[in-house]
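Geometric and topological summary
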Amino acid sequence: MADSLLSTALAQARRWKRRVLLTVGGVVVLAVAVVLIDAWSGLGHSAHGARLERMQRSKQWKDGRFDNPQPLVNDSWGMLTGLLHVSPHATPAVAPETETADPRLFDAWPASGLRVSWFGHASMLIELDGVRVLTDPMWSERSSPLTWAGPKRWFPAPIALRDLPPIDAVVISHDHYDHLDRETIVALNRDTQALFIVPLGVGAHLAYWGVPEHRIVDLDWWESRKVGEIEVIATPARHASGRHLFDQNAKLWAGYALVGPEHRVYFSGDTGLFPALKQIGEKYGPFDVTMIEIGQYHQSWPDWHIGPEQAVRAHQWVNGRVMLPVHWALLTLAYHGWTEPVERVLAEGKQQGVTILTPKPGQSIEPKAALALSRWWPEVPWIGADQQPIISTQTN
């Protein structure tokens, strides 16, 4: 009798265990499904057909992916230990000061023929010799394929997409989420007639999101496209690409030179320091203004992000006149204090005799016009290059 009761109890326990495991497994599967459904479209799409064939003919294509002439060097252990030393000021205590862009400003072209409106990070409106170019537009709340997780922007976009003037071209430097934002691309495709100029392969994402092929221009390094009176040239950059684990470096990355009849500007995209910057300056400089990234650096990934001091050197290498630092003041993507990039670039600019422009997010400036820009960010502790220099490898 006792053995029978024990057997019955054990059988019931096993049934309950199976039920619990099935329930937990079902919840996990459902959670994964919800995440995948939310993220799926934002992950983008692989290239195929004629687009893939063109990618494979590129000099940058090696062993089934794109590569840098100077391979990226990483310190994986330093990346992990760096998590123990994140600046307490990596994210601002209060939202940074911004300037709400006035759409009426764009009713007239800039008197000097060149105006740059910086919206934070790498998003800018460049008005150059009668052509308007939008760079790496990221208007979403998060830099992520998910709507509820991922790095969150510190302030709303200083201008609504609908309030932008007519855009002639949108240029994308690469497909990382802080530079290629699906929701923004979908809106620009719907509400504008802009041409989308992208590095090789990135057009596959745009086509997947509904952008017509006739509005997508994929460029290899040194290739160009005429837009109105200006030439848009995809220039080399030293970085990487990928929107998920299985598409790393499946698309190219680039910077851009915008060359008009009267003015020239350079946008670095994301990059480490590399020798071909000098060639960019020789071919397309001098530039009236350079927009070079200065943030999201660390000693463990010195080839991915150039850092403030090397950004000034890059400005000199490409033969720039004045420099507008970008890729900071919007997202927490690295360990340094949020104001540290601008403090360091100003210190280096002063030492090197380079004019640094520091507009507020949302502010428009004409680089050729005399303009005294106020110090709009707070005084918080930061670490200088004497303690944590960023030195890219293989720069000779």
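Reading the values: rules and limits
Residues numbered from 1 in each chain as written. Predicted model: local features only at pLDDT ≥ 70, side-chain atom pairs only at ≥ 80, totals over all residues. Heavy atoms only, no water. Helix = DSSP H or I, 4+ residues; strand = E, 2+ residues; numbered from the N terminus. Rg over C-alpha atoms; globule rule 2.2 N^0.38 Å. Buried < 20%, exposed > 50% of the residue type's maximum accessible area, 1.4 Å probe, protein only. Contact = heavy atoms within 4.5 Å. Areas by Shrake-Rupley, 256 points an atom, 1.4 Å probe, with all protein chains shown as cover. Lys, Arg positive; Asp, Glu negative; His and termini not counted. Charge placed at Lys NZ, Arg CZ, Asp CG, Glu CD. Pairing = 2+ DSSP bridges. Arc of directions from axis to C-beta. Core = buried A, V, L, I, M, F, W, Y, C linked by side-chain atoms within 4.5 Å. Axes fitted to C-alpha atoms, helices over the stretch in contact; angles between N-to-C directions. Right-handed = clockwise from strand over helix to strand, strands pointing away.

For the protein chain, the helix and strand inventory stands at eight helices and 16 strands. Relative to the compact-globule value of 21 Å for 396 residues, the protein chain shows a C-alpha radius of gyration of 24 Å, a close match. When the backbone C-alpha atoms are referred to their principal axes, the protein chain occupies close to 100 × 50 × 45 Å. Here the protein chain, with 396 residues, has 54% of them falling under the buried criterion. In the protein chain, once contacts between residues fewer than 6 apart in sequence are set aside, the share between residues at least 24 apart is 72%. A total accessible area of about 18,000 Å² is found for the protein chain, and carbon and sulfur atoms account for 56% of it. Placing the 36 positive and 41 negative side-chain charges of the protein chain at their respective mean positions leaves the two points 6 Å apart.

Time to look at the sheet that holds strand β3 (residues 114–118). If you walk across this open sheet you meet the seven strands as β8-β7-β6-β5-β4-β3-β16, and the pairing is mixed. For this open sheet the edge positions go to β8 (216–219) and β16 (364–365), each flanked by a neighbour on one side alone. With three bridges joining them, strand β5 (residues 131–135) and strand β6 (residues 169–171) adopt parallel strand pairing. Counted as the bridge partner of leucine 134 is valine 170 from β6.

What follows concerns helix α6 (residues 276–284). Among all positions in α6, only Leu277, Ile280, Gly281 and Tyr284 are buried. Within α6, the buried residues cover an arc of 100° as seen down the axis, which keeps them to one side.

This part is about the nonpolar core. Within the largest apolar cluster, 74 residues are counted, with the highest numbers of intra-cluster contacts made by Ile197, Leu258, Leu277, Met291, Met323, Leu324 and Trp328. Setting aside anything within four residues of it in sequence, one finds isoleucine 197 in contact with Ala169, Val170, Val171, Ile172, Val217, Leu219, Arg225, Val227, Val232 and Tyr256. In terms of nonpolar packing, the next biggest core, distinct from the first, is built from 22 residues, Phe106, Ile167, Val170 and Ile172 among them.

Judged by pairing direction, the sheet is mixed, and its seven strands sit side by side in the order β9-β10-β11-β12-β13-β14-β15 without closing on themselves. Two strands in the sheet have a free side with no partner beyond their single neighbour: β9 (224–227) and β15 (355–356). Bridge count between strand β11 (residues 255–259) and strand β12 (residues 264–267): four bridges; the pairing is antiparallel. When the sheet's bridge partners are listed, leucine 258 is paired in β12 with valine 265. Here α6 sits on the sheet and contacts β10 (230–235), β11, β12 and β13 (287–293); the angle it forms with β12, its principal contact strand, is near 165°.

Attention shifts here to the pairing of strand β7 (residues 195–199). Side-chain direction in a regular strand flips from residue to residue, so the side chains alternate between the two faces of the sheet. With five of five residues buried, β7 lies mostly within the body of the structure. Chirality of the crossover, the property in question, places the unit of β6, helix α4 (residues 182–191) and β7 among those that are right-handed. Where β7 meets β8, four bridges bridge the pair, whose relative direction is parallel. Across the sheet, the residue bridging to valine 198 is aspartate 218, located in β8. Note that the unit made of β7, helix α5 (residues 203–208) and β8 has a crossover that is right-handed.

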